[in-house]
Amino acid sequence: MTKQQEVYLEGHPVSRGIAIGIPIVLDSFDTKAPETRLSDDALEGEITRYRRALKKSHDDIVRLKGELAREGVKDGVSVLEAHLQIIQDPLLNEQIEQEIRGTKRTAEYVFQVAIERFRKKFQALHDPFFEQRFEDVHDISKRVLAYLRDMKRMHLNEVPMNSIVFTHSLTPSEAAEVSRECVQAFVTQVGGSMSHTAIVTKAKGIPYVANVNFSKLNAMHSITMAIVDGLSGKIILNPTEKTLAQYRELKATMTMQVEELKEKVVNTRPPSSGNRAQNGIQVRLSANVELSSDFELLSQYGAEGVGLFRSEYLVLQRGYFPSEEEQFGIYKDLVMHMQGLPVVIRAFDIGVDKVVCNLKGGREVNPALGCRAIRFLLREKELFKAQIRAILRASLLGNVRILFPMISNLHELMEAKQIVHEAEAELKNEGHALLSSPKLGCMIEVPSAALIVDLLGKECDFLSIGTNDLIQYALAVDRDNQQTATCYNSTQPGVLRLLRMITSAAKNVAVPVSLCGEIASDPRFVPLLLGLGITELSVSCRFLPIIKHCVQHIKKEYAEALTEQIFAMKSAKEIYETLAHEYLKNMAVAMRGKAMPTNTQYDFTMY
């Protein structure tokens, strides 16, 4: 029997993590219902059949809501609330019933025609936000049609243990019904990082890679093993024993490290000044937070603060901008969870590429270079001020800081600060008790901001480097474009020199610098970042233990020497290989001599 070759696929990482398991391919054919004509006598029975399918679908969603609530996946619950609103829409259902009577066609045919009208309306808006929201309508339609056709739906919690599910698309309710013990990861041909499905999979901690073209692979059913790297977006089918051993060994090692450190930090309040590396390097290890379901994880993983609360997810989840009161409740909950530790709330990093229901805004050819983040907020000042008011009110309860996104010049920063001053004055006039003004900071994520750190730093209390955007703007690479994915490289000498320029200028004006991009959660970069003088690293909760472990085993002299060595190198490949080699070598020592994989051919590090 001929041994199958190792096959590599690439996609867009949506929910991070590494999984090894058995590939299960689910067909998702939306076959068209026949245009069958009904007799007059059959029409009322058809209406009854339609209502029965709605009722069963409604009961399914209510059941899933209860299961997610018991799991503590609050944001998944809010997604399914939106589904219930759609399925209970009296106007939609009345229209469907009228069309069944008027056309004398079957319920599934009329229902499919109605859903197709919805799809065309959403697509006509030419807006990614609404295109992704059609996902909710499509999810419900699949469920209703399955009951109309009396089809047995395959529940994802019925798949075998240790499955990696390959399917054309994944709906939020399908992700919600998953048993974590059964499904290790998802791989889909279509999907969005801002979709409701993405929110559910992240909340459940299930790796998910989208936009993977596996349709042209012959005999997918014959593939017996798959590795999903939800960090880089890489899929490995039929891995060799060598590759499999590397991933298994590394995953086991990282899991052990995470569990060991979690045991140490649970119920232990971190020192006010953060973690100290060997020989005096001081750094705070904070968490990036997107969802309210993450709040419970902060203490579990020993977060010493929230370095970045991505408030735009409040909008993306709901499809509208929450009111000042609604925001205040969420910010208050977060601040209370942190019990006096610093909480950095970033103002909405959103733009007309994600326009929500009540805002005007046309489609942009290149949203990344358009009206987003601070540009959008300064145009929509009432929305901006409502958010600032909510943050200021929450700051009375703890250590709250405000972060302005995508600042590109000093004028934008000064205008944003003026909004804060106006909001403070309004609240005081209304009788709200406020403490002294919270600390204000700005994101350094475009090259123009990196070049004027000396000017921005004098007007800020802190700076936060957003490497995800900084890299794409510095290298002129769209980080979501799979055709240029290999060009998006964190170890390019130009990127690293930009980081050194930022930290050096910040040091000259005595302003602290944090880093909240993805490289902060990559343990290979930790010595370099500490050597550059970064004073705070902010990462996803689940990666705090491994980063804390790295920090606690780094000596100041080593970090500084490695940093100088890196800046003497000329290629991204050489830098990458050096960082990977040094990491594995140091972890072997830190793990008390236990063997560590040393081959750096694959991007398998669980960062």
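This is a predicted model, so every value here is computed, not measured.

Participant: How do you make sense of the overall build of the chain when you look at a structure like this?
Facilitator: Looking only at helices and strands, one finds 22 helices and 17 strands in the chain. The proportion of buried residues among the 607 residues of the chain is 56%. When contacts within the chain are restricted to residue pairs at least 6 apart in sequence, those whose partners lie at least 24 apart make up 71%. Carbon and sulfur atoms form 52% of the exposed surface of the chain, whose accessible area is close to 26,100 Å².

Participant: Sorry if this is basic, but what is going on with the sheet that holds strand β8 (residues 234–237) here?
Facilitator: Think of a sheet as strands paired side by side through backbone hydrogen bonds, with each pair either parallel or antiparallel. Read from one edge of the open sheet, 8 strands run β1-β8-β7-β3-β4-β5-β6-β2, paired in mixed fashion. Either end of the sheet is taken by a strand with one partner, and the two such strands are β1 (7–10) and β2 (12–15). Between one strand and the next, the sheet's axes are offset by a mean angle of 30°, whatever the strand orientation. Strand direction decides the pairing type here: strand β4 (residues 163–167) and strand β5 (residues 183–188), joined by 5 bridges, are parallel. Pairing of F166 across the sheet is with V187, part of β5.

Participant: Teacher, can you tell me more about the pairing of strand β14 (residues 439–444) here?
Facilitator: Successive side chains on a regular strand alternate, one facing one side of the sheet and the next facing the other. The buried count for β14 comes to 5 of 6 residues, which makes it a mostly enclosed element. In terms of strand pairing, strand β13 (residues 400–404) meets β14 through 4 bridges, oriented parallel. Each residue of the ladder has a partner; that of I402, found in β14, is L440. When β14 meets strand β15 (residues 462–465), the two strands line up parallel, connected through 4 bridges. Considered in β15, the bridge of I444 is made with I465.

Participant: Looking at this model, I keep getting lost on the packing of helix α11 (residues 324–338) against helix α13 (residues 381–394). Mind explaining?
Facilitator: Two packed helices can be described by the angle between their axes and the distance between those axes. Orientation of α11 relative to α13, taken along the N-to-C sense of each, is 35°, at an axis distance of 8 Å. For the crossing formed where α11 meets α13, the hand is right-handed. For the pair α11 and α13, the contacting residues are E324, E325, Q327, F328, Y331, K332 and V335 in the first and A386, Q387, R389, A390, I391, R393 and A394 in the second. Of the residues that constitute the contact of α11 with α13, the class distribution is 7 nonpolar, 2 polar and 5 charged.

Participant: I'm lost on the packing of helix α17 (residues 467–475) against helix α18 (residues 493–508) in this one. Help?
Facilitator: The geometry of α17 relative to α18 is characterised by a closest axis approach of 10 Å and an angle of 120° between their N-to-C directions. Accordingly, the angle class assigned to the pair α17 and α18 is oblique. Our pair here, α17 against α18, has a crossing hand that is right-handed. Residues T467, L470, I471, A474 and L475 of α17 lie in contact with α18, whose contacting residues are V495, L498, L499 and I502. Residues that form the contact of α17 with α18 fall into these classes: 8 nonpolar, 1 polar and no charged.

Participant: What exactly am I supposed to notice about helix α3 (residues 90–103) here?
Facilitator: Every α-helix winds through 3.6 residues per turn, so residues three or four apart in the chain are directed the same way. Spanning 14 residues, α3 covers 20 Å between terminal C-alpha atoms, matching the ideal 20 Å at 1.5 Å per step. Buried residues of α3: L92, N93, I96, E97 and I100, and no others. For α3, the buried positions fall inside an angular range of 130° around the axis, keeping them on one side. For α3, exposure combined with an orientation more than 90 degrees from the buried face picks out P90, L91 and G102.

Participant: Just checking my understanding: could you explain unusual backbone geometry for this structure?
Facilitator: Note: most residues except glycine have negative phi, and most peptide bonds are trans. Within the chain, K104 stands out as a residue other than glycine whose phi angle is a positive 60°. Among the structural elements, K104 can be located in the loop between α3 and α4 (107–124). Non-glycine residue N211 carries a positive phi angle of around 60°. Relative to the helices and strands, N211 is located in the loop between β6 (208–210) and β7 (226–229). Residue class for N211 comes out partly exposed when judged on its relative accessible area of 34%.

Participant: I would appreciate a short explanation of the packing of aromatic side chains in the present structure.
Facilitator: To describe a pair of aromatic rings, you give the distance between the ring centres and the angle between the ring planes. Across all of its chains, the model carries 8 aromatic pairs by this definition. Geometrically, the ring pair formed by F321 and F348 is edge-to-face, given 5.2 Å between the ring centres and 70° between the ring planes. Pair noted here: F321 is in the loop between α10 (312–318) and α11 and F348 is in the loop between β12 (343–346) and α12 (374–379), with a separation of 27 residues, a long-range link. For F321, a relative accessible area of 13% corresponds to the buried category. Ring geometry for F321 versus F376: centroids 6.2 Å apart, planes at 15°, classification stacked. On the criterion of sequence distance, the pair formed by F321 in the loop between α10 and α11 and F376 in helix α12 is long-range, its members being 55 residues apart. For the pair F321 and F376, one class covers both residues: buried. An aromatic cluster is built from F295, F309 and Y331, whose rings are joined through pairwise contacts. The ring of F328 is capped by R393, whose NZ or CZ atom sits 4.2 Å from the centre of that ring.

Participant: Which parts of the structure should I look at to understand the confidence of the model for the chain?
Facilitator: This prediction gives the chain a mean pLDDT of 81; 79% of its residues lie at or above 70. Within the model, the stretch residues 593–607 combines pLDDT values under 50 with 60 contacts to residues more than four positions away or in other chains.

Thresholds applied
- Residues numbered from 1 in each chain as written.
- Predicted model: local features only at pLDDT ≥ 70, side-chain atom pairs only at ≥ 80, totals over all residues.
- Heavy atoms only, no water.
- Helix = DSSP H or I, 4+ residues; strand = E, 2+ residues; numbered from the N terminus.
- Buried < 20%, exposed > 50% of the residue type's maximum accessible area, 1.4 Å probe, protein only.
- Contact = heavy atoms within 4.5 Å.
- Areas by Shrake-Rupley, 256 points an atom, 1.4 Å probe, with all protein chains shown as cover.
- Pairing = 2+ DSSP bridges.
- Axes fitted to C-alpha atoms, helices over the stretch in contact; angles between N-to-C directions.
- Left-handed = near helix turned anticlockwise from the far one by under 90°.
- Nonpolar A, V, L, I, M, F, W, Y, C, P; charged D, E, K, R; others polar.
- Parallel < 35°, antiparallel > 145°, perpendicular 65-115°, else oblique.
- Expected span 1.5 Å × (residues − 1).
- Arc of directions from axis to C-beta.
- Phe/Tyr/Trp six-rings, centres within 6.5 Å; stacked < 30°, edge-to-face > 60°.
- Lys NZ or Arg CZ within 6 Å of the ring centre and 35° of its normal.
- pLDDT = per-residue confidence, 0-100.

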